[in-house]
Structure formats: C-alpha cells, structure tokens
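Fold and contact review
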Amino acid sequence: MKRTAIVVGSLVLLGLGLSQVSPFRARLEAALHAGGHEFARVMLSQDKGQALCSQHRDKLPADLIPGFLAEQKALIKYPANGKLMGDWKNGEKVFTDPKRGNCYACHAGVASEVAYGTMGPSLTNYGQRGTSEAVVRYTYEKIYNAWAFVPCSLMYRGGVHGLFTPEETADLVAFLLDPESPINRR
Amino acid sequence: MKRRNRLVFLGLLALGTLVGVGAYTQQQKPLDPFEEAMRQRQMYLETFGVLPGELFAEEGKELFFRKGPSGKTLEECDFGKGKGVLEGVYAILPKYFPDSKRVEDLETRVYTCMQTVQGYKPAEIKRDEVKAITTYIASFSSKAKIQVVPKHPQELAMYNLGRELWYTRAGARDMSCAICHDQYAGQRVRLSPVRSPKQGLGNEWPAYRFEEDKLYTMEDRINFCYESIAIPKPEFYSDVHIALTMYMLAEATKAGHSFEELPFFTR
C-alpha cells in the first residue's frame, strides 16, 4: 500500500516536472528571442527530426533509429508522372544553384569544376552504377530526403524543405545517372 | 589619415581586390585560400605600405578618444581589466561585468559603455563605429593566448547556452554549427577550409576579408555563417553571439590556441 503511494506520488511529480518548461529551456528561448523575431521564428520551428538530432548531438540512440527512418521515408513525395529520372540539363542548374541544390558546397561533380567541397563523397562518374530501377529509386530518395537513410547526416533534406520539387529531384537524378550528363563524361 | 585620403585609398584597395579575385577565379587548379590571403596581404603591404585592417583600428582609436554626450571618452570604461586597460582584454572576453550584470563580448561591451559611460542613446550608436572601436581594442591582444575560462555562474550558464546553440539544427538546410565545424572539421565547403573550436576556430577576428572588401568582427562572422545556412541572422549584441563566442573561445582555450595578428587579413 505504502509502496503504491510512493510510486503514484513519484509519477505525479515526474509528470509535473515534465510538463514544465525547464529553466534551461526557458533561458534558451529567451536568448533566441533576443536574437530577433526572424531568427527566433526559424530556430523555434524545428521539426521533430531536427529536434531529435539536436537533442542527441546527431547520434541517435539505436532504439530510435528504425522509427526515425520510417518517419523520414514517409516524407518523400514523387513526381506526378512517376518518372524518377528527368532532364539532366535542368538537373545541372539545380545542382549548381546556391539557392537550390548548392551541391558543389560539399561534392565534386563535373570534373572541370575545381571549386568543390570535400565534406561529401565525390559524385564524378556517379553514373557508373548504371540506371537499374533500384539505383534510380535509391538516388531519388537519397536526394529528396537524406535522413531516410542516414539519420542526422550533414546532407540536408532538400526535397522535404522544398529547395527543389519532386520533378527537379528527378532532374538531379538524371544529372547524376544519365550517360550523356557531363558528370559521367571524360 | 584624413577621411578623403582614406576614401581614395579604399577605392584603390577595392580595385586591387577585383583584379586579385579575377586572377583567383581564373586559375585552373584551386588555390589554397590561406596562401592566396597571404599573397594578397603582401601585395597590399608592398603597394600601400599599410593593411586595410590597420585603417579600421586607426579610425577606432579616434572614436575611442572622442567625448560622448556625457563628456567622457571610452577611457572611462572597464573592458575587463579595469578602467583604461586595453592590453590583453580581448583575450579574456566574453566575461561577466557586475555593472551591467551581464556576460558581454567586446562588441557588446563597447555598445554598453557608449550608453552607460558616454551617454549615447542606442539609436545614435552606429554599427561601423562599434566595429572600428572593437578592432582598435582587439589590436591590443594581437597574437595573445586565448584565456576564456567560464567561472562565474552567469559565465557557465552562457557557455552551456552556447553549446546548445552550437548543436541546434534548424532552418531549410537542416544545419547546425556542429555538423560542419566538429564532424567535418579539416574538410572544405567549396574552397573554404572549415575548422573546429579545438583547432582554434574564432581566433582570427576582427579581420579584413579581401574577397568581401569588408571588416568582419566575430559577430559579423557568426551572422555570415547563419545566413549561409538559411537561418536569418541574429541581431547584434544578443546573447546568441555572446554565448556562441563564449563556447568557441572556451574550447579554443582548452586546446591552447592564441589569436592571430589582429586585425587579421583573410580571404
């Protein structure tokens, strides 16, 4: 009887504790607001994935990973016409545009472009993988939402955030896989 | 230097920068950005006999000794080692100041003292003036060992806040400071090398960036980072800048780093 009371009491206290904004969280939010309206608006509108990655310092506990991957996978949208490989010429524009793909920030691409970043793997000759249905689908989904494969990776979820549309994602896929694309030509 | 002379000088500098950047982007192989910065620095020294950063420090010196509405100059401000002491103060900031009851970085401290000591209203304080004064004061910590060790409870709270901001992933590019500046330190974003606090990140500001033809303080540099990851830049002198600076420089302190020649000359 006494033990039950202690358990119930603890649970009530725990519940109260969890329902309050912690002093640290309150301090953080005050600092974000001090940074101004626009800054606070973006920093305080993290989605669930961003919040989890921040909380776990980009290393999710193993038990959270399957659920996380499934939720990210569910965010992927596909072109209305169902074609996952589009126009490589437009794909190159999206790939290069700093406001859209901005892919050269981290990846090597066309061999003649020397101002590329090294945080991601080189994509030069990415097309050597061929254009099987599995390769095309993986490439599409990885570009649209990288976190559906590697939780909290550096690669941002360009499709999820609307940096490029499903059709433009298909164009990016073509830029990487089309044998005619300069990324696959010597 | 008289203002007119300085304008002519800055015009020539801008021209030199354009020529330099033109040559820089037409190379076949990517240049090492630090080597390129050193080459540009040498060119400025040989052509003009002075570095652009020194002009900002010179302007800051004039403003430092300018009397405010209260009749006082910034000599009456305590920047961390007592009134009138400038030697080495930049190397120990941010720190807690009992008079303002706040942890402040150098830029915020200048902003505070221009109000509380000199009697300026916030709206009267020009950002460019704060930058110049900050550059002048920071020049007294050129090559100094970084000594940011949070001890006061407010300093510790600021450090923890900075660490939380460091790891916060937000915005349309899912970025945080940590995801590049910890995990991928040593790699490049396009041609820019990325460092971690443990590698001394933050030890080069205030600096003149020849690619932008502008002086950047630490707060300017933090804003530039936020903008490049699709997060609107925070307002100057906010706890966001102070907390992140506290975190980065405390980590750089643990790793035993020193400041560069200040104001630095960089890409």
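Residues numbered from 1 in each chain as written. Chains lettered and ligands numbered in written order. Predicted model: local features only at pLDDT ≥ 70, side-chain atom pairs only at ≥ 80, totals over all residues.

**Thoughts on the overall build of chain B**
Counting its secondary structure elements, chain B contains 9 helices and 7 strands. When the 267 residues of chain B are sorted by exposure, 44% land in the buried category. When contacts within chain B are restricted to residue pairs at least 6 apart in sequence, long-range pairs at least 24 apart make up 70% of them. (Helix = DSSP H or I, 4+ residues; strand = E, 2+ residues; numbered from the N terminus. Buried ≥ 20, exposed ≤ 12 C-beta atoms within 10 Å, placed from the backbone. Contact = placed C-beta atoms within 7 Å.)

**Considerations on the overall build of chain A**
Helix and strand counts for chain A stand at 8 helices and 0 strands. Listing every helix and strand of chain A by position from the N terminus yields α-α-α-α-α-α-α-α. Per-residue burial over chain A gives 35% buried out of 186 residues. A separation of at least 24 residues holds for 61% of the contacts in chain A among residues at least 6 apart in sequence.

**Quick notes on the interface of chain A and chain B**
If you look at the interface, chain A gives 30 residues, while chain B gives 35 residues. Of all the secondary-structure elements, those providing two or more residues to the side of chain A that touches chain B are helix H2 (23–34), helix H3 (37–43) and helix H4 (48–55) of chain A.

**Quick notes on helix H3 (residues 52–64) of chain B**
Because an α-helix completes one turn every 3.6 residues, residues spaced three or four positions apart along the sequence face the same direction. Taking 1.5 Å as the rise per residue, H3(B) with 13 residues should run 18 Å; its terminal C-alpha atoms sit 19 Å apart, in good agreement. For H3(B), the complete set of buried residues consists of B:Pro52, B:Gly53, B:Leu55, B:Phe56, B:Ala57, B:Glu59 and B:Gly60. (Expected span 1.5 Å × (residues − 1).)

**Describing the sheet that holds strand S7 (residues 264–266) of chain B**
Residues and elements named next belong to chain B. Ordered by their spatial adjacency, 3 strands build an open sheet running S6-S5-S7, and the pairing between neighbours is mixed. Whereas interior strands pair on both sides, the edge strands pair on one side only; in this sheet they are strand S6 (214–216) and S7. Within the sheet, the average angular offset between the axes of one strand and its neighbour, ignoring direction, is 30°. Summarising the sheet, strand S5 (residues 207–209) and S6 pair through 3 bridges and their orientation is antiparallel. Counted as the bridge partner of Ala207 is Tyr216 from S6. (Pairing = 2+ DSSP bridges. Axes fitted to C-alpha atoms, helices over the stretch in contact; angles between N-to-C directions.)

**Regarding the packing of helix H6 (residues 88–96) of chain A against helix H8 (residues 166–177) of chain A**
All names here are of chain A. Between H6 and H8, the shortest axis-to-axis distance is 7 Å and the interhelical angle comes to 100°. Put simply, H6 runs roughly perpendicular to H8. Facing H6, whose interface residues are Trp88, Asn90, Gly91, Glu92, Val94 and Phe95, H8 presents Glu168, Asp171, Leu172, Ala174 and Phe175. (Parallel < 35°, antiparallel > 145°, perpendicular 65-115°, else oblique.)

**Here we look at the nonpolar core**
If you look at the biggest cluster of nonpolar residues, it comprises 76 residues, and the most contacted ones within it are B:Ile137, B:Ala243, B:Leu244, B:Met246 and B:Tyr247. Considering every element that reaches this core, the biggest residue donor is helix H9 (residues 239–254) of chain B, with 10 residues. Other than its neighbours up to four places away in sequence, B:Tyr247 contacts B:Tyr159, B:Gly162, B:Arg163 and B:Trp166. Membership of the second largest hydrophobic core comes to 26 residues, among which are A:Tyr116, A:Leu163, A:Val173 and A:Ile183. (Core = buried A, V, L, I, M, F, W, Y, C linked by C-beta atoms within 7 Å.)

**Observations regarding the confidence of the model for chain B**
Residue and element names in this part refer to chain B. In this model, chain B carries a mean pLDDT of 90, and residues with pLDDT of at least 70 account for 89%. Here residues 18–27 is modelled with pLDDT under 50, and outside its nearest four sequence neighbours on either side it reaches 5 contacts, counting other chains as well. As scored by the predictor, the complex reaches a pTM of 0.88 and an ipTM of 0.88. (pLDDT = per-residue confidence, 0-100.)

**Brief notes about the environment of B:Glu261**
Residues and elements named next belong to chain B. Along the chain, the position of Glu261 falls in the loop between H9 and S7. For the pair Glu261 and Thr73, spaced 188 residues apart in sequence, the C-alpha to C-alpha distance is 26 Å. In this structure, Glu261 is in contact with Ser142 and Lys143, ignoring residues within four places of it in sequence.

**Things to note about the environment of A:Ser54**
Here A:Ser54 shows up in helix H4. Linking A:Ser54 and A:Pro151, residues 97 residues apart in sequence, is a C-alpha distance of 11 Å. The contacts of A:Ser54, once residues within four sequence positions are left out, are A:Gln46, B:Tyr167, B:Thr168, B:Arg169 and B:Ser176.

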